[in-house]
Amino acid sequence: LFPSTKLKEIMARPTMRFSNNNKSQTLLSKMTAQEILEFTHLSLITLNLLTSYIKQYSRKNILIVTASANGWISHSLRYVYSIGYFKQIYHLLFNNEINGTNEEILMFHPSRDVCRSFKTNKRYSHISEHPCFI
């Protein structure tokens, strides 16, 4: 759902123009027009997925499982905040006052060992078949 690898690659590039210390503008100065278009498309898909899950299951029944460090999703969304629909995604996930609810979408950061256990060539027909759930 979040373009972490690509975002880190772009952030490592030299800045192409002045940015006023604004994270989002600094990132934009490092991106090609094609990358901005791709991020915008990804943000629309992600927003549609999250909103449809919220409508179907409610916020309290959604859990995002991520291999990222604690706080990375919020941090990375601040970088892409002005691109496409990432602003709406940020507020959907982290600003419950705007959402009018106290229900949070929880995020789970499993241990590195659990994450590594998913890196396999074997495909499971259902996640419950994976050894970490048995």
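Residues numbered from 1 in each chain as written. Predicted model: local features only at pLDDT ≥ 70, side-chain atom pairs only at ≥ 80, totals over all residues. Heavy atoms only, no water.

**Q** Looking at this model, I keep getting lost on the pattern of salt bridges. Mind explaining?
**A** Counted by the stated rule, this structure contains 4 salt bridges. In this structure, the salt-bridge partner of Glu9 is Lys6, at a minimum N-O distance of 3.2 Å. Within this pair, Glu9 and its partner Lys6 are both found in helix α1 (residues 4-11), separated by 3 residues, close to a single helical turn. Since its relative accessible area comes to 29%, Lys6 is described here as partly exposed. Measuring nitrogen to oxygen at the nearest pair gives 3.2 Å for the salt bridge that ties Lys6 to Glu35. Residue Lys6 is found in helix α1, and its partner Glu35 is found in helix α3 (residues 33-57); the two are separated by 29 residues along the sequence. Residue Glu35 is classed as buried on the basis of its relative accessible area of 7%. One salt-bridge network, held together by shared partners, links Lys6, Glu9, Arg13 and Glu35. (Salt bridge = Lys/Arg side-chain N within 4 Å of Asp/Glu carboxyl O. Helix = DSSP H or I, 4+ residues; strand = E, 2+ residues; numbered from the N terminus. Buried < 20%, exposed > 50% of the residue type's maximum accessible area, 1.4 Å probe, protein only.)

**Q** How do you make sense of the packing of helix α4 (residues 72-79) against helix α5 (residues 86-94) when you look at a structure like this?
**A** Axes are the key here: two packed helices are described by the angle between their axes and the distance separating the axes. The geometry of α4 relative to α5 is characterised by a closest axis approach of 9 Å and an angle of 150 degrees between their N-to-C directions. Relative to α5, the element α4 is oriented roughly antiparallel. Both α4 and α5 take part in a crossing whose hand is left-handed. Of α5, the residues touching α4 (which contributes Ile73, Ser74, Leu77 and Arg78) are Phe86, Ile89, Tyr90, Leu93 and Phe94. Across the contact of α4 with α5, the residue classes tally to 7 nonpolar, 1 polar and 1 charged. (Axes fitted to C-alpha atoms, helices over the stretch in contact; angles between N-to-C directions. Parallel < 35°, antiparallel > 145°, perpendicular 65-115°, else oblique. Left-handed = near helix turned anticlockwise from the far one by under 90°. Contact = heavy atoms within 4.5 Å. Nonpolar A, V, L, I, M, F, W, Y, C, P; charged D, E, K, R; others polar.)

**Q** How do you make sense of the packing of α1 against α4 when you look at a structure like this?
**A** Packing of α1 against α4 brings their axes to within 11 Å, and their N-to-C directions diverge by 55 degrees. Comparing their axes, α4 and α1 come out oblique. Considering how the two elements wind past one another, α1 and α4 form a crossing that is left-handed. The segment α1 lies against α4, with Ser4, Leu7, Lys8 and Met11 engaging Trp72, Ser76 and Tyr79.

**Q** Please clarify how the nonpolar core should be interpreted in this entry.
**A** Soluble globular proteins tend to pack their nonpolar side chains together in the buried interior. Residues Leu27, Leu77, Val80, Ile83, Ile89 and Leu93 are the most contacted members of the largest nonpolar core, which totals 24 residues. At the level of secondary structure, the elements contributing two or more residues to this core comprise α1, α2 (23-30), α3, α4 and α5. Ignoring any residue separated from it by four or fewer positions in sequence, one finds Leu77 in contact with Phe2, Phe86, Ile89, Tyr90, Leu93 and Phe94. (Core = buried A, V, L, I, M, F, W, Y, C linked by side-chain atoms within 4.5 Å.)

**Q** Just checking my understanding: could you explain the packing of aromatic side chains for this structure?
**A** Both the distance between ring centres and the angle between the ring planes are used here to describe each pair of aromatic rings. With the rule as written, the count across this model stands at 4 aromatic pairs. For the pair Tyr53 and Tyr57, a centre-to-centre distance of 5.9 Å together with 85 degrees between the ring planes defines the contact as edge-to-face. A residue pair is termed a helical-turn pair when its members lie 3 or 4 positions apart in one helix, as Tyr53 and Tyr57 do in helix α3 at 4 residues. Taking the centre distance of 5.3 Å and the plane angle of 45 degrees together, the rings of Tyr90 and Phe94 count as tilted. Of this pair, Tyr90 and Phe94 both sit in helix α5, 4 residues apart, which is roughly one turn of that helix. Looking at Tyr90, the relative accessible area reads 17%, which means it is buried. Residue classification places Phe94 among the partly exposed residues on the basis of a relative accessible area of 32%. Here the aromatic residues Tyr81, Tyr90 and Phe94 are joined through ring pairs into a cluster of three or more. (Phe/Tyr/Trp six-rings, centres within 6.5 Å; stacked < 30°, edge-to-face > 60°.)

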